[in-house]
Amino acid sequence: MYSIAIDGPAGAGKSTLARRLAKELGYIYVDTGAMYRAIGLYALRAGVDPADAARVEGLLPRIALRLENPAGAQRIYLNGEDVSEAIRAEQVGMAASAVAAHPVVRAFLLDLQRGMARTQNVLMDGRDIGTVILPDASVKIFLTASPEARARRRWLENKAKGIEEEYEAVLEDVKKRDYQDSHRAAAPLRQAEDAILVDTSELDFDQSFETLKKIIAEKL
Ligand code: C5P
């Protein structure tokens, strides 16, 4: 089985690029962030503070996650409910980042994520795929961009959806999530030693796509 690990901070273009690459390669795309988001969503709905490790741990036995890949796009089911859209809300992203700091949550998802890579060729995106989940991945890429470039992209994306917000506020949010993700004790966001660094600050989508495709073709 082949596996491709793509890690990096929020907004570097990981998921859009990963989805397209997986489709082209005929691999199953696994968006691990969606799993943390689903747990964050469950905590919010249950009225539990996502930062409260003990209470979040108490919720885990009640959570069943299922991933499906119709037409190459991942759908995620939380206790049978398709939450693929609901998990994209901004506050769910923050809740995901908070629950992801608890080792018990990471352990809960580790088997599920590793199991998926055992039986099929996967392209998995996340924060700790190359460092923790798939240390023997066939290809590891660390995809990043400056906080300003990432905030600008998100601001433009939201604007296109009719969401008006201050660029400065988006930038603050990007920096806050970066800090949270890279300073936690459990599996912090960092580049694996054998990962190839790709900075997309100055690249558009097609250029980023071609760069990744070339790296993967050379490594596989
Ligand atoms: O990538 P996405 O923004 O959907 O991820 C949501 C949050 O889930 C991230 O901010 C991060 O804290 C957490 N996460 C993680 N490990 C992963 C994927 C996501 O800690 N492999």
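Since this is a predicted model, take the numbers as computed values, not measurements. Residue positions are counted from 1 within each chain, in the order its sequence is given. Given that the model is predicted, a residue must reach a pLDDT of at least 70 before its local features are reported, and side-chain atom pairs must reach 80 or more before they are shown or counted; all residues, however, enter totals for whole chains, interfaces and linings. Side-chain measures here rest on the full set of heavy atoms in the structure, leaving out hydrogens and waters.

Caption draft 1: Representation of the packing of aromatic side chains within the structure. Only the six-membered ring of Trp is used, alongside the rings of Phe and Tyr, when aromatic pairs are assigned; centres must lie within 6.5 Å, and planes under 30 degrees apart are stacked while those over 60 apart are edge-to-face, with the rest tilted. Following the criterion strictly, the structure yields 1 aromatic pair and no others. Relative to Phe 209, the ring of Phe 205 lies with its centre 6.1 Å away and its plane at 15°, an arrangement referred to as stacked. Of this pair, Phe 205 and Phe 209 both sit in helix H9 (residues 205-219), 4 residues apart, which is roughly one turn of that helix. The exposure class assigned to Phe 209 is buried, which follows from its relative accessible area of 3%. Whether a charge sits over a ring depends on NZ of Lys or CZ of Arg being within 6 Å of the ring centre and within 35 degrees of the ring normal. One cation-aromatic arrangement involves Arg 20 over Phe 209; the distance from NZ or CZ to the ring centre is 4.4 Å. A cation over a ring is seen here: Arg 66 above Tyr 77, with NZ or CZ 4.5 Å from the ring centre. Helix and strand assignments follow DSSP, with helices taken as H or I runs no shorter than four residues and strands as E runs no shorter than two, numbered in order from the N terminus. Buried residues are those whose accessible area, probed at 1.4 Å on protein chains only, stays under 20% of the maximum for their type, while exposed residues exceed 50% and partly exposed ones sit between those limits.

Caption draft 2: Geometry of the site of the ligand. What surrounds the ligand is a group of 15 residues, the closest being Arg 37, Arg 106, Arg 177, Asp 181 and Arg 184. Each polar contact in these results corresponds to two N or O atoms within 3.5 Å; when the atoms are within protein, one needs to be able to donate a hydrogen and the other to accept it, and residues that are neighboring in sequence are counted only if both atoms are side-chain atoms. The separation between an oxygen atom of the ligand and a polar side-chain atom of Arg 127 is 3.0 Å. At 2.6 Å from an oxygen atom of the ligand is found a side-chain nitrogen or oxygen belonging to Asp 181. We get accessible surface area from the Shrake-Rupley algorithm with a probe of 1.4 Å; when it comes to residues, only the shown protein chains can shield them. Taken by itself the ligand offers 450 Å² of open surface, and the protein chains cover 95% of this. Looking at the shell around the ligand, the elements with two or more residues in it are helix H2 (32-45), helix H4 (90-99) and helix H8 (167-183). Per-element accounting of the shell around the ligand gives the leading share, 4 residues, to H2. When at least one non-hydrogen atom of a residue lies within 4 Å of a molecule or strand, that residue is treated as near it.

Caption draft 3: Geometry of the sheet that holds strand S4 (residues 75-78). Strand pairing is assigned whenever DSSP detects at least two bridges linking the two strands. Strands sit in the order S3-S4-S5 across an open sheet of 3 strands; the sheet is antiparallel. Unpaired on one side and paired on the other, strand S3 (65-68) and strand S5 (81-82) mark the two borders of the sheet. Alignment of S4 against S5, held across 2 bridges, turns out to be antiparallel. Across the sheet, the residue bridging to Tyr 77 is Asp 82, located in S5. Residue contacts follow a heavy-atom distance rule, with two residues in contact if any of their heavy atoms lie within 4.5 Å. In this analysis, axes come from line fits to C-alpha atoms, helices being fitted only over the stretch in contact, and the angle between any two N-to-C directions falls in the range 0 to 180 degrees. Sitting on the sheet, H2 touches S3, S4 and S5, and the angle it makes with S4 is about 35°.

Caption draft 4: Geometry of the UniProt feature "binding site: ATP" (unreviewed entry) in the protein chain. UniProt positions are given in the numbering used here, feature names are shortened, and annotations may be inferred rather than shown by experiment. According to UniProt, the positions carrying the feature "binding site: ATP" (unreviewed entry) are Gly 8, Pro 9, Ala 10, Gly 11, Ala 12, Gly 13, Lys 14, Ser 15 and Thr 16. Here Ser 15 is to be found in helix H1 (residues 14-25). Non-local contacts of Ser 15, meaning those with residues more than four positions away in its chain, are made with Tyr 29 and Asp 125. Exposure remark for Thr 16: the relative accessible area of 40% places this residue in the partly exposed category.

Caption draft 5: Main features of the packing of H2 against helix H5 (residues 103-119). The geometry of H2 relative to H5 is characterised by a closest axis approach of 11 Å and an angle of 145° between their N-to-C directions. Two packed elements cross with a definite hand, and for H2 against H5 that hand is right-handed. On H5, the residues that touch Thr 32, Met 35, Tyr 36 and Ile 39 of H2 are Val 105, Arg 106, Phe 108, Leu 109, Leu 112, Gln 113 and Met 116. Helix crossings get a hand from a simple test, with the near helix turned counterclockwise from the far one by less than a right angle marking a left-handed crossing and a clockwise turn marking a right-handed one.

Caption draft 6: Main features of the pairing of strand S7 (residues 139-144). Where burial is concerned, most of S7 is hidden: 6 out of the 6 residues are buried. The alternating pattern of S7 places Val 139, Ile 141 and Leu 143 on one face and Lys 140, Phe 142 and Thr 144 on the opposite face, and all of these are buried. In this structure, strand S1 (residues 3-7) lies alongside S7, joined through 4 bridges in parallel fashion. Residue Ile 6 lies in a different strand from S7, and its bridge partner there is Ile 141. In this structure, S7 lies alongside strand S8 (residues 196-199), joined through 4 bridges in parallel fashion. Note that in S8 the partner of Phe 142 across the bridge is Leu 197.

Caption draft 7: Spotlight on the sheet that holds S8. Across the sheet, which stays open at both edges, the 5 strands sit in the order S2-S6-S1-S7-S8 with parallel pairing between neighbours. Where the open sheet ends on each side, the last strands, each with one partner, are strand S2 (28-31) and S8. Going across the sheet, the axis of each strand differs from the next one's by a mean of 20°, ignoring polarity. H2 contacts S2 and strand S6 (122-126) of the sheet and is inclined by roughly 40° relative to S2. In this fold H9 packs onto S1, S7 and S8, with an angle of close to 160° to the strand it touches most, S7.

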